[in-house]
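What the coordinates show
Listed below are the residues making up each chain.
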Amino acid sequence: MQQYIAKRIVESIVTVLIVSVVVFLFVRMSGDPRLLLLPPEASDEDWDAMGKLLGLEKPILLQYWNFLSGAIRGDMGRSIYWHEPALSVFASRFPNSLQLAVSSFGFSICIGLVVGILSAVKLGTWFDHFGKIFALLGQSLPTFWVGIMLVFMFSVRLDWLPTSGMGGPQHLVLPAFTLGWYFIAAQARLTRSSMLDVLDAEYIKLARIKGVPESLVILKHALKNALLPVFTMSALNFVTLLGGAVVTEVVFAWPGVGRLVVDSIFARDYPVVQVCVLIFSVLFVATNLMVDILYAYIDPRIRYQ
Amino acid sequence: MRNKDIGPAAPSREGRSGGLLPFLRRVPLFSGIILAVFVIVGILGPVMTPHNPIKSNIRKALVPPYWMKGGDSDYILGTDHLGRDMLSRIISGTRLSLIIGFVAVVLSGLVGTVVALTSGYYGGWTDRILMRLTDTVISMPFLVVALVFAAVLGPSVANLILILSIVGWAGYARVLRSEVLSIKEADYVKLAKVAGCSSATILRRHIFPNTVNTLIVLATLQLGVIIIAEASLSFLGLGIPPPQPAWGLMVAQGRLYITRAPWLCLFPGLAIMFIVLACNLLGDWLRVRLDPKFRQI
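Residues numbered from 1 in each chain as written. Chains lettered and ligands numbered in written order. Predicted model: local features only at pLDDT ≥ 70, side-chain atom pairs only at ≥ 80, totals over all residues.

On to the overall build of chain B. Looking only at helices and strands, one finds 11 helices and zero strands in chain B. Buried residues in chain B amount to 46% of all 297 residues. Excluding contacts between residues fewer than 6 apart, the proportion of contacts in chain B whose partners are at least 24 apart in sequence is 68%. (Helix = DSSP H or I, 4+ residues; strand = E, 2+ residues; numbered from the N terminus. Buried ≥ 20, exposed ≤ 12 C-beta atoms within 10 Å, placed from the backbone. Contact = placed C-beta atoms within 7 Å.)

To continue, consider the interface of chain A and chain B. At the junction of the two partners, chain A supplies 49 residues and chain B supplies 44 residues. By residue number, the principal contributor to the side of chain A that touches chain B is helix 1 (residues 2-29) of chain A, which donates eight residues.

To continue, consider the nonpolar core. Cys276(A), Ala146(B) and Leu147(B) are the most contacted members of the largest nonpolar core, which has 161 residues in total. Look past the residues within four positions of Cys276(A) in its chain and what remains in contact with it is Phe90(A), Val257(A), Leu260(A), Val261(A) and Val144(B). (Core = buried A, V, L, I, M, F, W, Y, C linked by C-beta atoms within 7 Å.)

Another point: the packing of helix 9 (residues 199-236) of chain B against helix 10 (residues 247-254) of chain B. Residue and element names in this part refer to chain B. As a packed pair, helix 9 and helix 10 sit with axes 7 Å apart at the nearest point and diverge in direction by 40°. One finds that helix 9 runs oblique with respect to helix 10. Crossing handedness for the pair helix 9 and helix 10: right-handed. Mapping the contact onto sequence places Glu230, Ala231, Ser232, Leu233, Ser234 and Phe235 in helix 9 and Trp247, Gly248, Leu249, Val251 and Ala252 in helix 10. (Axes fitted to C-alpha atoms, helices over the stretch in contact; angles between N-to-C directions. Parallel < 35°, antiparallel > 145°, perpendicular 65-115°, else oblique. Left-handed = near helix turned anticlockwise from the far one by under 90°.)

In this section: the packing of helix 9 of chain B against helix 11 (residues 263-290) of chain B. Angle between the axes and distance between the axes: these two values describe a pair of packed helices. Residues and elements named next belong to chain B. Between helix 9 and helix 11, the least distance of the axes is 9 Å, while the angle of their chain directions is 165°. With respect to each other, helix 9 and helix 11 are oriented roughly antiparallel. In terms of crossing hand, the pair formed by helix 9 and helix 11 is left-handed. Counting all contacts with helix 9, which are made through Asn213, Ile216, Val217, Thr220, Leu221, Leu223, Gly224, Ile227, Ile228 and Ala231, the residues of helix 11 involved are Ile272, Ile275, Val276, Cys279, Asn280, Leu282, Gly283, Leu286, Arg287 and Leu290. For the contact of helix 9 with helix 11, a count of residues per class yields 14 nonpolar, five polar and one charged. (Nonpolar A, V, L, I, M, F, W, Y, C, P; charged D, E, K, R; others polar.)

On to the environment of Ala278(B), then. All names here are of chain B. Of note, Ala278 is situated in helix 11. A count of 24 C-beta atoms within 10 Å places Ala278 in the buried class. Here the alpha-carbon distance between Ala278 and Thr220, two residues 58 residues apart in the chain, equals 9.5 Å. When neighbours within four sequence positions are excluded, Ala278 is seen to be in contact with Ser31, Ile34 and Leu35.

Quick look at helix 8 (residues 187-194) of chain B now. Little of helix 8 of chain B is tucked away, with zero of its eight residues classed as buried. Following helix 8 of chain B by one or two positions, Gly196(B) adopts a phi angle in the positive range, close to 90°.

Below, the discussion takes up the confidence of the model for chain B. Residue and element names in this part refer to chain B. The predicted model of chain B averages 82 in pLDDT, with 89% of residues at 70 or higher. Least confident of the elements in chain B is helix 1 (residues 2-9), whose mean pLDDT is 37; most confident is helix 4 (residues 86-122), at 91. Residue range residues 1-16 is modelled with pLDDT below 50. Its contacts to residues more than four positions away, or to other chains, number 17 contacts. Interface scoring of the predicted complex returns ipTM 0.83; its pTM is 0.84. (pLDDT = per-residue confidence, 0-100.)

Next up, the structure:
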């Protein structure tokens, strides 16, 4: 067990290091950063001075080392557009993304669990079919289109909800649902199949034979055992929600990190892009690691070599 | 009462109960027909378009679909803000979407399979290095990385295929590797080794054929994912460059006219929905059919 955890930690660190190399190379690929930083009429001396300031004349490995050690200290360079440290630009937007992700996550967990459990319990009924179609649509519809259509329906036609921007809870409903539908679907499908597997188990039959009320069989005996895979997946889903809200944030003009990334890519503000990609990747790897470790503790049935 | 409750828990699962959806899952009729229609439309594209999909005609701008008030039977699905026929644009967009989708799925499937076979079969450091690379790609936010690549490489169809393949192979590598690991332990592989087969022969003749089922399922589901990813990139303005009629781009342009002309957004979105829905349904069907181990329905 300890050996397994140590192995997973080393693996995660290596993954994060490779991510940092890729993120470092993003900027190299996009050309000389001086082209963006300096006006076209800059003199050769300015050009060289800027190169020295940015450390561009040093060998590439040393540059990477400086980038990495800077990142560990929390120094990820300055935003070209905002004239602020890239990390603080990220930090100013992050709470907004978190708010959207949390509400979207709440949506997807609640609806997904209920639909999944009911579909499994009422296997083959109209509710099960409805749940399946709902899930299938959630996984087949492009997010940007769902967002626009919801705005058209509920904001333009019915005038119930605001079209975009941040504000009260009513501003959250449409973006949270748009972002969450895909995950509702994933959640519902996994809950359903997990419940079906558990409902087949001997101990459920035993509980029924013993005369335990059906609602208790489902909520206590079955659900408790069916939730483990659902929760592991939802932990990773949450991180994906945080980093994957790009399209939703653009459609609803939500001032989160996703929109910041798109704006920064268009503005060639690569330090900000680097920060965003690096932080989301690290979050993903860390969550994955924690889930694996938790799993090793919670579920003794799993044997690791 | 109790009997009735035990019923659903019995291993009846899919396919036995009646109803429309189980039927559609048993026979891939619905998904098969939709995909066939799209492929035919994609191949015949230029022959089928009633109007030139790129030529604008301002006097015919924002004509509604023919069943709506003010519609013109010449333009069945109406026209966009530049007077271009929506139906023609959707038809020629089909070809773009399908070409990008298919080529990217094949390329990423190829890379993913090769990585999975080498990694799973040889093990050791090869495995460790390849799996860390796979983890790296999986852990980075898919769309953001694709956007960065698109901004660096510049928007074009070839670049889009390249980008979607670069970010798409890791999923195959992950799943297929675990498949290879279990196949490797099978007796027929050990026998082949004893019989003196070379590693290449074992991989080609004994291991790869047993991963094909999973590969097909993954590729079918991936096609839907890639089509949505391409549409999203085009929607954000870093995919297919205008004036080419990409579905995502059409939605992005139509968004500005959503109050006056909702059909500009509606129809391209429906096209994406149908093709991805068909891929997902077919993928699910194949999964149940080809691999009883997958029961996540």
